Amino acid sequence: MQIRIKSKKIKVKSKKLGVLKKILFSFIFLLLPFFVEAQCAMCRAALESEESGVQAEAINDGIVYLMVIPYILVAVAGYAIYRLKFAKKKEVTP
């Protein structure tokens, strides 16, 4: 009896740890675009000659957004596939 109780406690702790890791990963993933500066060498050279730097920041933001879109599409497709697979299992189980 003691072994089952301990194993259930371990499973609960591991589930809580897994949820905590997912939340932390999601939080970091959502904050990452705020810290990223992406720019090719030619764009940087052309934009460094400007004094204001507003256009350089706009180029950086555009590059980051273009970089993020494919990842979002893959995540949405993965989620859709997961939902389809999960719905099939739920229908089969009585």
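Preceding this section is the structure that the text describes.
Thresholds, definitions, all that
Residues numbered from 1 in each chain as written. Predicted model: local features only at pLDDT ≥ 70, side-chain atom pairs only at ≥ 80, totals over all residues. Heavy atoms only, no water. Helix = DSSP H or I, 4+ residues; strand = E, 2+ residues; numbered from the N terminus. Buried < 20%, exposed > 50% of the residue type's maximum accessible area, 1.4 Å probe, protein only. Areas by Shrake-Rupley, 256 points an atom, 1.4 Å probe, with all protein chains shown as cover. Phe/Tyr/Trp six-rings, centres within 6.5 Å; stacked < 30°, edge-to-face > 60°. Patch = residues over 30% accessible without salt bridge, like charges linked within 9 Å, V, L, I, M, F, W, Y side chains within 5 Å. Salt bridge = Lys/Arg side-chain N within 4 Å of Asp/Glu carboxyl O.

Caption draft 1: Structural detail: the overall build of the protein chain. Each helix and strand in the protein chain was counted, giving 3 helices and 0 strands. Put simply, the protein chain runs from its N terminus to its C terminus through helices and strands in the order α-α-α. Across the 94 residues that make up the protein chain, the buried fraction comes to 6%. With an accessible surface of roughly 9100 Å², the protein chain has 71% of that area assigned to carbon and sulfur atoms.

Caption draft 2: View of the packing of aromatic side chains. One pass over the full model with this rule turns up 1 aromatic pair. With a centroid separation of 6.1 Å and an interplanar angle of 15 degrees, the aromatic rings of Y82 and F86 are classed as stacked. With a gap of 4 residues between them, Y82 and F86 both fall in helix α3 (residues 54-92), about one helical turn apart. Residue classification places F86 among the partly exposed positions, given a relative accessible area of 43%.

Caption draft 3: A nonpolar patch on the surface, seen in detail. A grouping of F25, F29, L30, M67 and Y71 is seen on the molecular surface, where their side chains present a nonpolar patch of about 610 Å² in accessible area. Elements with a contribution of two residues or more to the nonpolar patch: α1 (2-35) and α3. No other element matches α1, which puts 3 residues into the nonpolar patch. Relative to the helices and strands, L30 resides in helix α1. Residue classification places L30 among the exposed positions, given a relative accessible area of 60%.

Such coordinate-based values are descriptive only and should not be taken to indicate function.
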